[in-house]
Amino acid sequence: MELQTKELTPQAILIHINGRFDAAVVEQVKRVWIDNETIRFVIADLSETTFIDSIGLATLVSGLKSTRQRGGELILLKPTEPVKVILELTRMNMVFKIAATLEEAETATKAS
Amino acid sequence: MTDQTLGEVAAYKKRIAVLESELDEMTSALAQAWDQLVPFLQAAPTQATSTLDIVPVLESIIAAIDARMGAVYLKRGDEWVTIPLDIVTVRDFYKYLDELASGQILHVHNIPAWHGRPTHWMFMPILINGNVAGAIGVGLEEGEREFTALDARVLTRMTERAASQIVAANLAESQAREARLAREVQIASLIQRSIQPLTVPRLPSVEMIAHWMPASTVGGDAWGWVLQPSGQLACFILDVAGKGLPAALGAVSLHTALKMSLRLGLNPVDALATVNNEVYEAYTNAGILATATVITIDPSSGEIEHANAGHTPTIVRIGNKWSLWNASAPPLGVLPTIAPQSDYRVLESGDLLICYSDGFSEIETPNGFWGTQGILNAIPDQTTSVAFAVQSIISEVENFPDYGAAADDQTIMGLSLL
C-alpha cells in the first residue's frame, strides 16, 4: 500500500490510500490522523484502494470516532467497487459519509 | 661551589619539588580513580540476567562522576525503556538518537527531569553494529557545575566496560518477556478453546455442524449455541476485527455476552442490540469492532429467525433456491445503538443454512478472492446434509495450495432440518 497525504487546511487533510488497506498499513494510517489531535476533518480517498479488510474498517471507524470527538468528520471519497461492496455488505455505508467528488467531500467537511 | 653550580642545584631542587607535587597529585588522582573503580567493578555484573543487575552499575557511575542523577536507556524491540523509569522521558531521549549514532559523548542542556526543573545531561551511546542499542546518561541540575573532560572520560570507560553486561541483561529480559508472553498466549488459547462448544446440540429434528480454526494460537472468531427457555435452539458466529491476543480477548467477552443474552431468551435482534450497547464504549476505547450473526430455530416447527450485524452474508437454500441474507446493521461497537432487522423463514427438511467468517470468503485464489460464490460452488448441488455441505467447503479449502498458512481465522457453522 502507498499512503499519500495532503494538507487541505491546518485542520483538514486528504489521505490517499493506494492498494490494500489491511493490517499491514493500519499503524501508518493511524499516525496520520488518529494520533494527530489537531486534525478534525479527514477525506479518505479510496479511489485506488483495491481491498479493505475488517482491520482496515476498524481503523476507519476509529478515525471517524476521533474526528467526531474533535467536532469534525471523516468522509470517504470515491471508494472503488470492491471497497464499496464491502461497505455495503457490512452496512458500514450507513455509518460513513461517502462523496463522489473532492468538491462534494470538501463541502461536506464545511457543512459539519 | 660556584654561583653557577649553586644556581643549578636550586633549579634542580625546585624541579624536584614540582615533580613531588605532581606525583602527589597523580597519587591522589589515582587513589580517587581507584576509589571510583573498585565499587564500579564490584557492581558491574560479570553475567547480567536482568536489567535489575544494571542498577548498581548505574549507581556507581553516578557516584564516580558525582552526578545528581543517571539513567540507562535500552532499546527493546521497537520501544525504548529507561532504568530507572521516568528520570528523563523517553520522548526527550528520542531526539538525540541520530547524534548518538556517532558513538561520541553528547552534552545536552535544558532537559526537564522528573521534578520539573531543567537539567543538563551527558549521554554515552552503546552501539551494536553501528546502531544505537542503548545509552548511559548522567545529569546535573542546570546552574550546577559543568561536566569536565575527566567526567566524560570516566563515563566513556565505564560505559565501555558495562556495555556488554547491559546488552546481555536487556536480551535476557527480552527473552524472559517473550517467554512470559508465550505462556500468556497459551493460557488465552486454552480459555478461548474452552468456550468453543465441544459438541453440537443433539436434537432429533436439527442437524448442526461447526468448524473453528484460528489462524494462529488465538484468534478473533468464535461460535456457540445455547438452548433457550422456550426450547428454541439459538446459535451464533462472531468475528472480532484483528488478530492475536486483543482479538481473542474481544472474542471471548463477546461470546460470553451473546451466550448469556440468548440463554436469557432474547431474540437475535435484541441480543445483538443489547450486546452492542454493552460493548460500544469498550470497543471505542480499544479501537475494535466485531461482526456477528445470531439465529434461533424452533426444532418443532423449523421456524428460524436470523439477524446479522456486519457479518458476511448467510447462505440459505430453501427448496432449490439459493439466497443470501445480508447484514442489516453495522458491526458491533461502531454505533452506540443498532437496530438490526430480522429474517424469518420456516426451514423444511433438506433446506440448508450456512454462516461463515471472512477467513473463508477472503481466501486469495489465483482468480482473486474466493468469495461467497466460491463457497457456493463448493457445495454439491443435490446435497440435503448440511454436514456434508460444510465438509465439502472445508475440503475445498484444504486443497488450496497455501492451506495451512491461513491469513485469517476460519469459522463456519451450518444448520438444517432433518
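This is a predicted model, so every value here is computed, not measured.

Caption draft 1: Region of interest: the sheet that holds strand β3 (residues 106-112) of chain B. Residue and element names in this part refer to chain B. An order of β2-β1-β5-β4-β3 is seen for the 5 strands of this open sheet, with the pairing classed as antiparallel. The outermost strands of the open sheet, each flanked by one partner alone, are β2 (79-83) and β3. In this sheet, neighbouring strand axes are inclined to one another by 30° on average, regardless of whether the strands run parallel or antiparallel. With 5 bridges connecting them, β3 and strand β4 (residues 118-128) associate as antiparallel partners.

Caption draft 2: Region of the structure containing the side chain of T90 of chain A. With respect to the element layout, T90 of chain A can be found in the loop between α3 (81-89) and β6 (97-99). Accessibility expressed as a relative area gives 12% for T90 of chain A, which makes it buried. A polar side-chain atom of T90 of chain A sits 3.4 Å from the main-chain carbonyl oxygen of L87 of chain A. Sequence-distant contacts of T90 of chain A, that is, excluding residues within four places in its chain, are made with L57 of chain A together with G310, A327, A329, P330 and P331 of chain B.

Caption draft 3: Quick look at the nonpolar core. Counting residues in hydrophobic clusters, the biggest one holds 31 residues, and the most contacted among them are I15, W33, L60, L74, L76, M92 and F96 of chain A. Taken together, the elements giving at least two residues each to this core come down to β2 (12-21), α1 (26-33), β3 (41-45), β4 (49-52), α2 (54-69), β5 (73-77) and α3 of chain A. Looking at which element gives the most residues to this core, the answer is α2 of chain A, with 5 residues. Among residues more than four places away in sequence, those in contact with W33 of chain A are I13, I15, I39, V42, T59, L60, G63, T67, R70 and L74 of chain A. L58, A67, I136 and V154 of chain B belong to the second largest nonpolar core, which has 27 residues in total.

Caption draft 4: Highlighting the sheet that holds strand β9 (residues 290-297) of chain B. Residue and element names in this part refer to chain B. Pairing is antiparallel in the open sheet, where 5 strands are placed in the order β7-β8-β9-β10-β13. Only two strands of the sheet have a single neighbouring strand rather than two, namely β7 (221-227) and β13 (343-346). Strand-to-strand, the axes of this sheet are offset by a mean angle of 15°, without reference to chain direction. Here strand β8 (residues 233-240) runs beside β9; their pairing, made up of 8 bridges, is antiparallel. Bridge pairing in β9 places D239 opposite T291. Most of the contacts of helix α6 (residues 244-263) go to β8, to which it runs at about 160°, and overall it touches β7, β8 and β9.

Caption draft 5: Representation of helix α10 (residues 386-398) of chain B within the structure. All names here are of chain B. End to end, α10 covers 18 Å across 13 residues, agreeing with the expected 18 Å (1.5 Å per residue, within 8%). Among all positions in α10, only V386, A389, V390, S392, I393, I394 and V397 are buried. Here the buried face of α10 lies against β6 (206-213), β14 (352-356), α8 (358-361), α9 (371-378) and β17 (410-417). The N-capping residue of α10, defined by a side-chain oxygen 3.3 Å from the backbone nitrogen of A387, is S385.

Caption draft 6: Region of interest: the packing of aromatic side chains. A full pass over the atoms with the stated rule returns 4 aromatic pairs over all chains. Their ring planes at 40° and their centres at 4.5 Å tell us that F51 of chain A and F369 of chain B sit as a pair that is tilted. Of this pair, F51 of chain A sits in strand β4 while F369 of chain B sits in strand β16 (residues 368-369), on two different chains. Judged by its relative accessible area of 5%, F51 of chain A falls in the buried class. When the ring of W121 of chain B is compared with that of F123 of chain B, the centres are 5.8 Å apart and the planes differ by 15°; the resulting orientation is stacked. Here W121 of chain B falls in the buried class, since its relative accessible area comes to 0%. On the basis of relative accessibility, which here comes to 0%, the residue F123 of chain B falls in the buried class. The rings of Y73, W121 and F123 of chain B are connected pair by pair, giving a single aromatic cluster.

Caption draft 7: Representation of the packing of helix α2 (residues 54-65) of chain B against helix α5 (residues 149-195) of chain B in the model. Residues and elements named next belong to chain B. With their axes 10 Å apart at the nearest point, α2 and α5 run at an angle of 180° to one another. Compared by their axis directions, α2 and α5 come out roughly antiparallel. Along the contact surface, α2 presents I54, V57, I61, A64 and I65, while α5 presents D151, V154, L155, M158, A162, I166 and A169. Class assignment for the residues of the contact of α2 with α5 results in 11 nonpolar, no polar and 1 charged.

Here is what the cut-offs are and how they apply
Along each chain, the written sequence defines residue order, and numbers are assigned to residues from 1. Labels are handed out in written order, letters beginning with A for the chains and numbers beginning with 1 for the ligands. Local features in this predicted model are restricted to residues whose pLDDT is 70 or higher, and side-chain atom pairs enter the listing and the counts only when it is 80 or higher, whereas totals over whole chains, interfaces and linings include all residues. With hydrogens and water set aside, each side-chain value is computed from the structure's full complement of heavy atoms. At least two bridges found by DSSP between two strands are what make those strands a pair. A helix here means a DSSP run of H or I that spans at least four residues, while a strand means a run of E at least two residues long, and both kinds are numbered starting from the N terminus. The axes used here are C-alpha line fits, helices contributing only the stretch in contact, and every angle between their N-to-C directions lies in the interval 0 to 180 degrees. For every residue, the accessible area (1.4 Å probe, protein chains only) is compared with the maximum for its type, and the residue is labelled buried under 20%, exposed over 50%, or partly exposed between those bounds. Polar contact criterion, stated in full: a pair of N or O atoms within 3.5 Å, where within protein one must be able to donate a hydrogen and the other to accept it, and residues adjacent in sequence count only if both atoms are side-chain atoms. Note on contacts: a residue pair is in contact if any heavy atoms of the two residues lie within 4.5 Å. Note on terminology: a nonpolar core comprises buried Ala, Val, Leu, Ile, Met, Phe, Trp, Tyr and Cys residues joined through side-chain atoms within 4.5 Å. Take the number of residues in a helix, subtract one, and multiply by 1.5 Å to get its expected span. Two rings from Phe, Tyr or Trp (for Trp, the six-membered ring) form a pair when their centres are within 6.5 Å of each other. A pair whose planes differ by under 30 degrees is stacked, one over 60 is edge-to-face, and the rest are tilted. Roughly parallel means an angle under 35 degrees; roughly antiparallel, over 145; roughly perpendicular, 65 to 115; everything else is oblique. Just so you know the grouping, Ala, Val, Leu, Ile, Met, Phe, Trp, Tyr, Cys and Pro go in nonpolar, Asp, Glu, Lys and Arg go in charged, and all remaining residues, Gly too, go in polar.

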